[in-house]
Amino acid sequence: MSTASGRDGSGRDGSDRGGSGRTVPGRGASGRTASAHSAPGRTTSVPTPTRSAFRRAFDALSAPVATRANALHAGAWWLWALGLAVAASRTTNPLLLGLIVGVAGYVVAARRTDAPWARSYGAFVKLGLFVVALRVLFSVFLGSPIPGTHLLFTLPEVPLPDWAQGVRIGGRVTAEQVLFAVYDGAKLATLLICVGAANALANPARLLKSLPGALYEAGVAVVVAMTFAPNMVADVVRLRTARRLRGRPTGGVRAVLQIGLPVLEGALERSVAVAASMDARGYGRTAHVPAAVRRTTNVLTLGGLLGICAGSYGLLAAEGAGYGLPLLGAGLLAAVAGLRLGGRRTVRTRYRPDRWGARSWLVAGSGVAVAVLMIRANAYAPEALHPGVVPLAAPELPLLPALSILVGLVPAFVAPVPEENP
């Protein structure tokens, strides 16, 4: 009976080899070889084709680290956020609105970067809280058409002339009208927070770079305007630091005047440099387009924008779900056709254009799915989505609409992970 040596010259465990020269796995702790035939009670982890397929599928679905090549399209973030906003517009239930805010906040915390625009989410949250407080104050001081029996307090009422019937300043304040104001303000605050989530996640420069050729000039102007203010703030900070290191004052009117002149000079130099670089790249040069094409472009673009506005209003309004979606679809098709025709005037090329990949479709599709499911929920659970305030009752959390909102968490698992937020 042949045995194998326990250690090789390097101090590591050796391996038994059969007659064919292949390595036989399964060495035990005592140095003896345990083959599949000699150790019937033990199993070895041998990779199988099925397990390898599962591992490849898991690696494909897991979110990679964000790079320039796999970066998510900025438009996908906006479609996701607009889907959440449409869902928020279909309900006044504070529990569902809070769930939408939680979904948006979790995705922002998981996928935002340290870029300047990514810090705007907190400002939108504060703005939403201010909107809720302002809506409650208006209801308290200007009255509300909601009848109520639970009196909280009474304010001095200002007498108004006869032509101001229906308007009241002061008077009785009931719990029902305050609760209705909180529900209404929370709805608007959630819409603002969804827009803030899009601002925190989508790179504005890359979004404007992806605009159609017909909007190229407007996109460049917006990019220049957006980069002007941060550069000016950076110049002010740099000059104040330099004055502080030299022992000079940084406050007061005189210091502001002394800092302002170099800042304006630097802004003018950057403007001249940007204008020169734009002229060198052929900015503003257009191709010849027939008059009929220009007129068709104008009609399609204006008609499409009107259709988009009417369709968006129908989706956001409680009564317009029937006509809102068809109008929005027709407006989008007309606007896209008009922008495609208008892009013929612009002779330009895109450097490394952003592409819609599978992850972009998943992110955008999750937002659209949330909107569609919430619109559908208004048909089978309208009372749960719009809880009443007369009589006073605690709102309930409907199960199916809540699960449909959780679909919005898909970007937190499929979107590429920023390098500084692994």
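As the structure is a prediction and not an experimental result, all values here were calculated from the model. (Residues numbered from 1 in each chain as written. Predicted model: local features only at pLDDT ≥ 70, side-chain atom pairs only at ≥ 80, totals over all residues. Heavy atoms only, no water.)

A. Expanded view of the overall build of the protein chain. Across its full length, the protein chain carries 14 helices and 2 strands. Counting the 422 residues in the protein chain, one finds 32% classified as buried. Taken as a whole, the protein chain presents about 25900 Å² of accessible surface, with 66% of it coming from carbon and sulfur. (Helix = DSSP H or I, 4+ residues; strand = E, 2+ residues; numbered from the N terminus. Buried < 20%, exposed > 50% of the residue type's maximum accessible area, 1.4 Å probe, protein only. Areas by Shrake-Rupley, 256 points an atom, 1.4 Å probe, with all protein chains shown as cover.)

B. Seen up close, the nonpolar core. Membership of the largest hydrophobic core comes to 39 residues, with the highest contact counts inside it found for Trp77, Trp80, Leu84, Ile100, Tyr121, Val363 and Met374. Broken down by secondary-structure element, the contributors of at least two residues to this core are α2 (74-89), α3 (94-111), α5 (175-201), α11 (358-380), α13 (399-406) and α14 (411-414). Ranked by residues supplied to this core, first place goes to α2 with 9 residues. Those residues within four positions of Ile100 in sequence are excluded, and the remaining contacts are Leu84, Ala87, Ala88, Thr190, Cys194 and Ile405. The next biggest cluster of nonpolar side chains, apart from the first, holds 5 residues, and it includes Val136, Val140, Val173 and Ala181. (Core = buried A, V, L, I, M, F, W, Y, C linked by side-chain atoms within 4.5 Å. Contact = heavy atoms within 4.5 Å.)

C. Highlighting a nonpolar patch on the surface. There is a patch of nonpolar side chains on the surface, built from Leu127, Phe130, Leu134, Leu137, Phe138, Phe141, Leu142, Val158, Leu160, Val167 and Ile169 and spanning about 950 Å² of accessible area. Ranked by residue count, the leading element in the nonpolar patch is helix α4 (residues 121-142), at 7 residues. When you line up the elements, Leu134 lands in helix α4. (Patch = residues over 30% accessible without salt bridge, like charges linked within 9 Å, V, L, I, M, F, W, Y side chains within 5 Å. Salt bridge = Lys/Arg side-chain N within 4 Å of Asp/Glu carboxyl O.)

D. Broad picture of the packing of aromatic side chains. In total, this model carries 2 aromatic pairs according to the counting rule given. Ring geometry for Trp77 against Trp80: centres 5.8 Å apart, planes inclined by 80°, an arrangement best described as edge-to-face. Of the two residues, Trp77 and Trp80 both sit in helix α2, 3 residues apart, roughly one turn of that helix. The exposure class of Trp80 is buried, given its relative accessible area of 0%. Centre to centre, the rings of Trp356 and Trp361 are 5.2 Å apart; their planes meet at 45°, and the pair counts as tilted. For Trp356, a relative accessible area of 34% corresponds to the partly exposed category. (Phe/Tyr/Trp six-rings, centres within 6.5 Å; stacked < 30°, edge-to-face > 60°.)

E. Region of interest: α4. The end-to-end C-alpha distance of α4, which contains 22 residues, comes to 31 Å, matching closely the 32 Å that a straight helix rising 1.5 Å per residue would cover. Three or more residues of α4 are buried, namely Tyr121, Gly128, Val131, Val136, Ser139 and Val140. For α4, the arc enclosing every buried residue in end-on projection is 165°, short of the 170-degree limit, so these residues lie on one face. Packed against the buried residues of α4 are α3, β1 (151-158), β2 (169-174) and α5. Among the residues trailing α4, Gly143 stands out with phi positive, at a value near 85°. (Expected span 1.5 Å × (residues − 1). Arc of directions from axis to C-beta.)

F. Structural detail: the side chain of Gln177. Within the secondary structure layout, Gln177 lies in helix α5. Residue Gln177 is classed as buried on the basis of its relative accessible area of 2%. For Gln177, the side chain forms a polar contact with the main-chain oxygen of Ser139, separated by 2.8 Å. Apart from residues no more than four positions distant in its own chain, Gln177 is found in contact with Ser139, Val140, Gly143, Ser144, Ile146, Arg168 and Arg172. (Polar contact = N/O pair within 3.5 Å; in protein donor to acceptor, adjacent residues only side chain to side chain.)

G. Expanded view of the pattern of salt bridges. Taken as a whole, this structure holds 1 salt bridge when the rule is applied. For Arg135, the salt bridge identified is with Asp184, shortest N-O distance 3.2 Å. Linking Arg135 in helix α4 with Asp184 in helix α5, this pair joins segments that are 49 residues apart in sequence. The exposure class assigned to Arg135 is partly exposed, which follows from its relative accessible area of 24%.

H. Structural detail: the packing of α3 against α5. Packing of α3 against α5 brings their axes to within 10 Å, and their N-to-C directions diverge by 15°. Judged on the interaxial angle alone, α5 and α3 are roughly parallel. The crossing of α3 and α5 is left-handed. Note on element contacts: α5 touches α3 through Tyr183, Ala186, Lys187, Thr190, Ile193, Cys194, Ala197, Ala200 and Leu201, opposite Pro94, Leu97, Ile100, Val101, Ala104, Val107, Val108 and Arg111. (Axes fitted to C-alpha atoms, helices over the stretch in contact; angles between N-to-C directions. Parallel < 35°, antiparallel > 145°, perpendicular 65-115°, else oblique. Left-handed = near helix turned anticlockwise from the far one by under 90°.)

I. Spotlight on unusual backbone geometry. A cis amide bond links Val390 to the next residue, Pro391, at an omega of -5°. Along the chain, the position of Pro391 falls in the loop between α12 (382-385) and α13.

J. Quick look at the packing of α2 against α5. Direction vectors running N to C along α2 and α5 enclose 175°, while the axes themselves pass 9 Å from each other. When the axes of α2 and α5 are compared, the pair comes out roughly antiparallel. Together, Trp77, Trp78, Trp80, Ala81, Leu84, Ala85, Ala88 and Ser89 of α2 and Lys187, Thr190, Leu191, Cys194, Val195, Ala197, Ala198, Asn199 and Leu201 of α5 make up the contact between the two elements. Among the residues forming the contact of α2 with α5, the class breakdown is 13 nonpolar, 3 polar and 1 charged. (Nonpolar A, V, L, I, M, F, W, Y, C, P; charged D, E, K, R; others polar.)

K. Structural context of the environment of Cys194. Locating Cys194 in the fold gives a position in helix α5. Classification of Cys194 by relative accessible area gives buried; the value is 2%. Cys194 sits 91 residues away from Val103 along the chain, and the two C-alpha atoms are 9.7 Å apart. Beyond its immediate sequence surroundings of up to four residues, Cys194 is in contact with Ala81, Leu84, Ala85 and Ile100.

L. Structural context of the environment of Gly307. Checked against the element boundaries, Gly307 lands in helix α9 (residues 291-316). Take Gly307: its relative accessible area is 11%, and that puts it in the buried class. Separated by 19 residues in sequence, Gly307 and Pro326 place their C-alpha atoms 9.1 Å apart. In contact with Gly307, other than residues within four places in its own chain, are Leu327, Leu328 and Gly331.

M. Structural view of the confidence of the model for the protein chain. Averaged over all residues, the pLDDT of the protein chain equals 76, while 73% of them reach at least 70. Long-range and interchain partners of residues 1-46, a stretch whose pLDDT sits below 50, account for 33 contacts in this model, where long-range means more than four residues apart. (pLDDT = per-residue confidence, 0-100.)

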